[in-house]
Amino acid sequence: MTEKELKPKAKEEAPAKGERVRPGRVFLPAVDIFETPEALVLVADMPGVPADKLTLDLKDNYLTIAGEISPPMSAKESMVLQEFYTGDFQREFQLGSVIDQSRIEAAMNDGVLKLRLPKVERAKPRKIEVKVG
Amino acid sequence: MPFITFREPSWDPFREMERLQRQMNRLYAESFAPGLGLWRPGVYPLVNISEDHDYYYVRAELPGVKPEDLEITVREGNLILRGERKIPTEEKQVNYHRRERESGFFRRVLGLPGPVNPEKVEAAFKDGILTIKLAKPEEIKPRRIEVKTT
């Protein structure tokens with residue numbers, strides 16, 4: 001199925017929002033978002049972000065995911081060739097469905113965040129029987 | 001008059017490709033100047049190469065790639081990275097809103113900036129970042145020369 005060759009993609013910088021205290025660049029993580037009848041699932045590529053440096057914030061219908069990286073190079077190293085920039089990640093989403101905040105699950109593996117946002121009961125599609133009289 | 005084609009006796013298209021890529025890499029490396037921005041070679045994965053007194057460091061962002069799906073080879077001054085990035089297919093009844101992440105194969109032949117000791121290469125994979133540490137051979141390390149005073 002995946003007989004495809006990967007092409008490099010330039011990382012997209014996040015639009016500046018407010019003033020950042022931490023120096024360095026901020027990038028938009030590439031995401032997959034899909035919906036099942038029960039939940040909204042978000043998968044984001046955030047290479048270099050350890051699980052303890054990840055921040056998730058859900059306010060009203062706005063979800064913010066953010067992750068901090070530690071500098072990959074030690075102080076005594078000097079760059080010979082640079083093809084990509086490194087930096088923190090941040091991205092904001094506006095959610096369409098009502099999320100059950102108490103049952104949100106997040107997992108961070110090999111630089112990939114998987115976030116499961118269960119919909120609240122009443123937001124689930126319900127089949128309405130139409131009676132024929 | 002017969003049509004004559006000339007071909008080198010041991011012409012191997014793959015070898016030729018590698019040679020070409022090596023030349024391109026060198027060309028790019030020479031034209032690269034810090035501060036002028038990045039150059040993009042168009043081959044996945046993108047890498048950053050740095051050095052200190054004892055080692056070269058090659059780093060690549062490979063989120064979601066499993067160590068068992070990655071093969072690293074050092075050969076004739078080249079570092080070869082090949083592997084596959086797999087994205088598991090989701091259960092049915094799934095409705096995609098966004099699909100920005102990509103899966104597929106990759107293979108990159110990278111000309112190293114200098115000689116390395118192929119016996120002393122270490123690779124580590126952490127939080128989706130691959131770091132390959134390649135030891136410089138003793139004879140090329142910069143040496144500090146003491147100036148004697150008489």
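This part takes up the overall build of chain A. Check the secondary structure of chain A and you find zero helices and nine strands. Taken over C-alpha atoms, the radius of gyration comes to 19 Å for chain A, far larger than the 14 Å a tight globule of 133 residues would show. Taken along the three principal axes of its C-alpha coordinates, chain A extends 80 × 40 × 25 Å. Each of the 133 residues in chain A was classed as buried or not, and the buried ones make up 29%. Counting only contacts in chain A whose residues sit at least 6 apart along the sequence, the fraction spanning at least 24 positions is 55%.

Moving on: the overall build of chain B. Counting its regular elements, chain B contains one helix and eight strands. From first element to last, N terminus to C terminus, chain B shows the α and β order α-β-β-β-β-β-β-β-β. Burial analysis of chain B (150 residues in total) assigns 24% to the buried set.

Residues and elements named next belong to chain A. If you walk across this open sheet you meet the four strands as E1-E7-E5-E4, and the pairing is mixed. The strands lining the two open edges of the sheet, one partner per strand, are strand E1 (25-27) and strand E4 (54-59). Strand-to-strand, the axes of this sheet are offset by a mean angle of 20 degrees, without reference to chain direction. As paired strands, strand E5 (residues 62-67) and strand E7 (residues 87-94) are joined by six bridges and run antiparallel to one another. The residue of E7 that forms the bridge with Thr64 is Glu92.

Let's shift gears to the environment of Arg75 of chain B. Residue and element names in this part refer to chain B. Locating Arg75 in the fold gives a position in strand E3 (residues 70-75). What makes Arg75 exposed here is the crowd of 10 C-beta atoms within 10 Å. Once the C-alpha coordinates of Arg75 and Pro115 are considered, the two residues, 40 residues apart in sequence, prove to be 11 Å apart.

Each strand in a sheet pairs with its neighbour through backbone hydrogen bonds, running either in the same direction (parallel) or in the opposite one (antiparallel). Judged by pairing direction, the sheet is antiparallel, and its five strands sit side by side in the order E8(A)-E9(A)-E3(A)-E2(A)-E5(B) without closing on themselves. Unpaired on one side and paired on the other, strand E8 (105-109) of chain A together with strand E5 (95-99) of chain B mark the two borders of the sheet. Going across the sheet, the axis of each strand differs from the next one's by a mean of 10 degrees, ignoring polarity. Pairing geometry for strand E2 (residues 31-35) of chain A and E5 of chain B, over four bridges, is antiparallel. Within E5 of chain B, the position partnered with Ile33 of chain A by the bridge is Arg98 of chain B.

Moving on to the environment of Arg59 of chain B. The topology assignment puts Arg59 of chain B in strand E2 (residues 55-61). Sequence-wise, Arg59 of chain B and Leu81 of chain B are 22 residues apart; in three dimensions their C-alpha atoms are separated by 11 Å. If near-sequence neighbours (up to four positions away) are discounted, Arg59 of chain B is found in contact with Pro72 of chain A together with Val47, Asn48, Ile129, Leu130 and Thr131 of chain B.

Each partner contributes residues to the interface: chain B has 45 residues there, and chain A has 35 residues. For the side of chain B that touches chain A, the secondary structure elements donating two or more residues are strand E1 (47-51), E2, E5 and strand E6 (104-111) of chain B. When the residues that make up the side of chain B that touches chain A are grouped by side-chain class, the tally is 21 nonpolar, 10 polar and 14 charged.

Of the strand pairs in this sheet, E1 of chain A and E7 of chain A are connected by three bridges, and their pairing is parallel. Residue pairing in the sheet places Val26 of chain A in a bridge with Asp88 of chain A of E7 of chain A.

Below, the discussion takes up the confidence of the model for chain A. When the pLDDT values of chain A are averaged, the result is 88; 94% of them are 70 or greater. Mean pLDDT in chain A bottoms out at strand E6 (residues 78-82) of chain A, which sits at 91, and peaks at strand E9 (residues 112-118) of chain A, which reaches 95.

Residues and elements named next belong to chain A. Two elements, E2 and strand E3 (residues 39-45), share five bridges in a ladder whose sense is antiparallel. By the bridge assignment for E3, Ile33 is matched with Leu42. Counting the residues in the hairpin turn of E2 and E3 gives three residues.

Once that is clear, we can look at the environment of Val26 of chain A. Residue and element names in this part refer to chain A. Relative to the helices and strands, Val26 is located in strand E1. Distance from Val26 to Asp110, taken between C-alpha atoms, is 19 Å for residues 84 residues apart in sequence. Apart from the residues within four sequence positions on either side, Val26 is in contact with Glu13, Ala14, Gly87, Asp88, Phe89 and Gln90.

Residue and element names in this part refer to chain B. Pro45 follows Tyr44 through a cis peptide bond whose omega is -5 degrees. Looking at the secondary structure, you find Pro45 in the loop between helix H1 (13-31) and E1. One non-glycine residue with positive phi stands out, namely Glu76, at about 50 degrees. By the secondary structure assignment, Glu76 is in the loop between E3 and strand E4 (78-85). The residue Asp127 is not glycine, and still its phi comes out positive at about 50 degrees. Of note, Asp127 is situated in the loop between strand E7 (121-126) and strand E8 (129-135).

Each value, and the rule that gives it
Residues numbered from 1 in each chain as written. Chains lettered and ligands numbered in written order. Predicted model: local features only at pLDDT ≥ 70, side-chain atom pairs only at ≥ 80, totals over all residues. Helix = DSSP H or I, 4+ residues; strand = E, 2+ residues; numbered from the N terminus. Rg over C-alpha atoms; globule rule 2.2 N^0.38 Å. Buried ≥ 20, exposed ≤ 12 C-beta atoms within 10 Å, placed from the backbone. Contact = placed C-beta atoms within 7 Å. Pairing = 2+ DSSP bridges. Axes fitted to C-alpha atoms, helices over the stretch in contact; angles between N-to-C directions. Nonpolar A, V, L, I, M, F, W, Y, C, P; charged D, E, K, R; others polar. pLDDT = per-residue confidence, 0-100.

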